[in-house]
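Secondary and tertiary structure notes
Residues per chain are reported as follows:
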Amino acid sequence: MKRDVIIALDFKDGKTALNFLDKFVDKKLFVKVGMELFYAEGPSIVKEIKERGHKIFLDLKLHDIPNTVKGGMRSLSHLGVDIVNVHAAGTISMMKAALEGSIREDGTRPLVIAVTQLTSTSEERMKEELLIESKINDTIVHYAKNAKKAGLDGVVCSPLEAGMVKNAVGMDFITVTPGVRFDDGEKGDQVRVTTPKNAKEIGTDFIVLGRPITQAENPVEVYNRCVKEFCE
Ligand code: C5P
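In what follows, the accompanying structure is described.

Calculation rules
- Residues numbered from 1 in each chain as written.
- Predicted model: local features only at pLDDT ≥ 70, side-chain atom pairs only at ≥ 80, totals over all residues.
- Heavy atoms only, no water.
- Pairing = 2+ DSSP bridges.
- Helix = DSSP H or I, 4+ residues; strand = E, 2+ residues; numbered from the N terminus.
- Axes fitted to C-alpha atoms, helices over the stretch in contact; angles between N-to-C directions.
- Contact = heavy atoms within 4.5 Å.
- Expected span 1.5 Å × (residues − 1).
- Buried < 20%, exposed > 50% of the residue type's maximum accessible area, 1.4 Å probe, protein only.
- Parallel < 35°, antiparallel > 145°, perpendicular 65-115°, else oblique.
- Left-handed = near helix turned anticlockwise from the far one by under 90°.
- Nonpolar A, V, L, I, M, F, W, Y, C, P; charged D, E, K, R; others polar.
- Lys, Arg positive; Asp, Glu negative; His and termini not counted.
- Salt bridge = Lys/Arg side-chain N within 4 Å of Asp/Glu carboxyl O.
- Near = heavy atom within 4 Å.
- Polar contact = N/O pair within 3.5 Å; in protein donor to acceptor, adjacent residues only side chain to side chain.

Another aspect to go through is the sheet that holds strand β2 (residues 30–33). In spatial order, the strands read β1-β2-β3-β4-β5-β6-β7-β8; together these eight strands close into a barrel with parallel pairing. On average, each strand axis in the sheet is tilted by 25° relative to the strand beside it, whichever way the strands run. Pairing of strand β1 (residues 4–8) with strand β8 (residues 206–209), which is carried by four bridges, proceeds in the parallel orientation. Across the sheet, the residue bridging to Ile6 is Val208, located in β8. Here helix α4 (residues 66–77) sits on the sheet in contact with β3 (55–62) and β4 (83–87), set at roughly 160° to β3.

See the structure below:
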């Protein structure tokens, strides 16, 4: 898959999400459906967005015992989505089970990627709240290597870490990176952020933006600015 901008459709219901998509007349987008929208609407919203011709990263970050994740992945993969994900913290055996579950009857499957550390996490929080003493970058590289060992296609990480992950795991290992902000924009609750332009220089494959686009006065204009900075 070539470098692309993914819009996080973090909306409270399907109607709001579809109204938002209507603004992008005739554009085929890559969108991310996360917990808020999926838990509100269920599989029907995924099918509706696919029918409109958009690609979907279904971001439900599965994390459970391997057998449960395998079954969950089977259900999600059958919705015809393009990317699905799990938490790398669920261990290699859980990630392997996710991959197995993602394979459809016809042999195809979505890309399966793993969340390393959420982009809202800091080293200080890891240490104080989770009792993880390692450097955050060491945990990210370690989790990425585990994902590779499990046969996954890539990881979710901050764009600031994408170069480091690729150097450690391989250039063809996909990095999907939220935590993207314009210099002149709000950071919100994101901690490890950078701009679309810098994300391109670092070499990440996909950038994910939610609020900078969805909350903008003119979302199409902001999206086009992202595409120009990141894809061209
Ligand atoms: O609004 P914003 O641009 O911060 O949205 C980022 C999106 O990426 C959110 O949907 C968030 O759940 C998701 N995400 C993230 N960090 C991760 C994985 C996913 O911010 N590590």
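For helix α7 (residues 136–149), which comprises 14 residues, the first-to-last C-alpha distance of 20 Å matches the rise-based estimate of 20 Å (1.5 Å per residue) to within 8%. Along α7, the positions that sit buried rather than exposed are Ile136, Thr139, Ile140, Val141, Tyr143, Ala144, Asn146 and Ala147. For α7, the elements touching its buried residues are α5 (92–102), β5 (111–115), α6 (123–130), β6 (154–156) and α8 (159–169). Trailing α7 by a residue or two, Gly151 shows a phi angle of about 95°, which is positive.

Attention now moves to the packing of α5 against α7. For the pair α5 and α7, interaxial distance at closest approach is 9 Å and the crossing angle is 45°. When the axes of α5 and α7 are compared, the pair comes out oblique. Considering the relative orientation of α5 and α7, their crossing is right-handed. Of α7, the residues touching α5 (which contributes Ile92, Met95 and Lys96) are Asn146, Ala147 and Lys149. Counted by class, the contact of α5 with α7 contains three nonpolar, one polar and two charged residues.

You can see Arg104 is positioned in the loop between α5 and β5. Although Arg104 is buried, it makes no salt bridge; Asp106 carries the closest opposite charge, 5.5 Å away. Here Arg104 is in contact with Ser77, Gly80, Val81, Arg109 and Pro110, once residues within four sequence places are set aside.

To continue, consider the site of the ligand. Neighbouring residues of the ligand: 17 residues in total, closest Asp10, Lys32, Arg181, Gly210 and Arg211. One nitrogen or oxygen atom from the side chain of Arg181 is found 2.7 Å from an oxygen atom belonging to the ligand. Separating an oxygen atom of the ligand from a backbone N or O atom of Arg211 is a distance of 2.7 Å. Mapped by element, the contributors of at least two residues to the shell around the ligand are β3, β8 and α10 (211–214).

A few words now on the pattern of salt bridges. Taken as a whole and assessed by the stated rule, the structure comprises 15 salt bridges. Between Lys197 and Glu201 there is a salt bridge, and its shortest N-O distance comes to 3.8 Å. Taken together, the residues span about one helical turn, with Lys197 and Glu201 both in helix α9 (residues 196–202) at a distance of four residues.

In short, geometric facts, not functional conclusions.
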